[in-house]
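Report on the structure
Next come the chains, spelled out residue by residue.
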Amino acid sequence: MTPARTLREKTPDSEKITLNLGFVDLGRIDLLVQEGFYSNRSDFIRTAIRNQLDSHGEVVSRSIQRNTMELGLRDYSRAELEALRDAGEVLHVKVVGLARIAPDVAPELAAAVIGSITVLGALQASTEVRQALAGRIH
């Protein structure tokens, strides 16, 4: 008999949001979709958001530098957090994008090392780690 394998969870590469639009705006989007300018409503909305972000790109870049934030995906491993703990350092997480705390990080380790978490985007961490850091997540 072949032993069962644990399948890795697929990490989503996006975050779902809810958006309320007026009927006229929604109708105009549907018209553009119908005319073939966009494949669907989501395509239109993603394109509009990217265009707005591009138009404010310089402001975002300056703000990231000023706030010393990391941009993109940032993984925090158990080994990295243990090294910081052993060195007596406190970590202040500042990420624009996705911050992931490895699933094998114990809540006690996270609480001992992470002083604060500011994530503009999404934070992925176990429920136990989130509970341990609840007062430090901004």
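Comments concerning the packing of aromatic side chains
The tally for this structure, following the rule as stated, stands at one aromatic pair. Seen in terms of ring centroids, Tyr 38 and Phe 44 are 5.0 Å apart; in terms of plane orientation they differ by 90°. Their pairing is edge-to-face. A relative accessible area of 23% means that Tyr 38 is categorised as partly exposed.

Observations regarding the nonpolar core
Core analysis: the biggest nonpolar cluster contains 19 residues, and Tyr 76, Leu 81, Leu 91, Val 93, Ile 101, Ile 114 and Ile 117 have the highest contact counts within it. At five residues, strand β2 (residues 91-101) tops the list of elements feeding residues into this core. For Val 93, the contacting residues outside a window of four places in its chain are Tyr 76, Ala 99, Ile 114, Ser 116, Ile 117 and Thr 118.

Quick notes on the environment of Ser 126
Among the structural elements, Ser 126 can be located in the loop between β3 (114-124) and α6 (127-132). C-alpha of Ser 126 to C-alpha of Ala 102: the two residues are 24 residues apart in sequence and 8.2 Å apart in space. Looking at Ser 126, its side chain comes within polar contact range of the main-chain nitrogen of Val 129, at 3.1 Å.

Structural notes on a nonpolar patch on the surface
A contiguous nonpolar patch, built from Ile 17, Ile 49 and Leu 53 and spanning about 310 Å² of accessible area, is present on the exposed surface. Examined against the element boundaries, Ile 49 turns out to sit in helix α2 (residues 41-55).

Quick notes on the pairing of β3
Bridging between β2 and β3 involves 10 bridges; their strand directions are parallel. Bridged to Val 96 within β3 is Leu 120. The parallel pair β2 and β3, bridged by helix α5 (residues 107-113), forms a crossover whose chirality is right-handed.

Considering the side chain of Ser 116
In this structure, Ser 116 sits in strand β3. There is a polar contact of 2.8 Å between the side chain of Ser 116 and the side chain of His 92. Not counting chain neighbours up to four residues away, the residues in contact with Ser 116 comprise Leu 91, His 92, Val 93, Arg 136 and His 138.

Overview of the confidence of the model for the protein chain
In this model, the protein chain carries a mean pLDDT of 89, and residues with pLDDT of at least 70 account for 91%. The weakest mean pLDDT in the protein chain belongs to helix α3 (residues 57-66) at 81; the strongest belongs to α5 at 97.

Side note on the pattern of salt bridges
Enumeration according to the criterion identifies nine salt bridges in this entry. The closest approach of N and O atoms between Glu 80 and Arg 74, which form a salt bridge, is 2.8 Å. For Glu 80, a relative accessible area of 24% puts it in the partly exposed group. Among the ionic pairs, Arg 78 bridges to Glu 82, the shortest N-O distance being 3.4 Å.

A few points about the pairing of strand β1 (residues 70-76)
Across seven bridges, the pairing between β1 and β2 is parallel. Across the sheet, residue Gly 72 finds its bridge partner in β2, namely Gly 97. For the crossover from β1 across helix α4 (residues 78-86) to β2, the handedness is right-handed.

The rules behind the values
Residues numbered from 1 in each chain as written. Predicted model: local features only at pLDDT ≥ 70, side-chain atom pairs only at ≥ 80, totals over all residues. Heavy atoms only, no water. Phe/Tyr/Trp six-rings, centres within 6.5 Å; stacked < 30°, edge-to-face > 60°. Buried < 20%, exposed > 50% of the residue type's maximum accessible area, 1.4 Å probe, protein only. Core = buried A, V, L, I, M, F, W, Y, C linked by side-chain atoms within 4.5 Å. Helix = DSSP H or I, 4+ residues; strand = E, 2+ residues; numbered from the N terminus. Contact = heavy atoms within 4.5 Å. Polar contact = N/O pair within 3.5 Å; in protein donor to acceptor, adjacent residues only side chain to side chain. Patch = residues over 30% accessible without salt bridge, like charges linked within 9 Å, V, L, I, M, F, W, Y side chains within 5 Å. Areas by Shrake-Rupley, 256 points an atom, 1.4 Å probe, with all protein chains shown as cover. Salt bridge = Lys/Arg side-chain N within 4 Å of Asp/Glu carboxyl O. Pairing = 2+ DSSP bridges. Right-handed = clockwise from strand over helix to strand, strands pointing away. pLDDT = per-residue confidence, 0-100.

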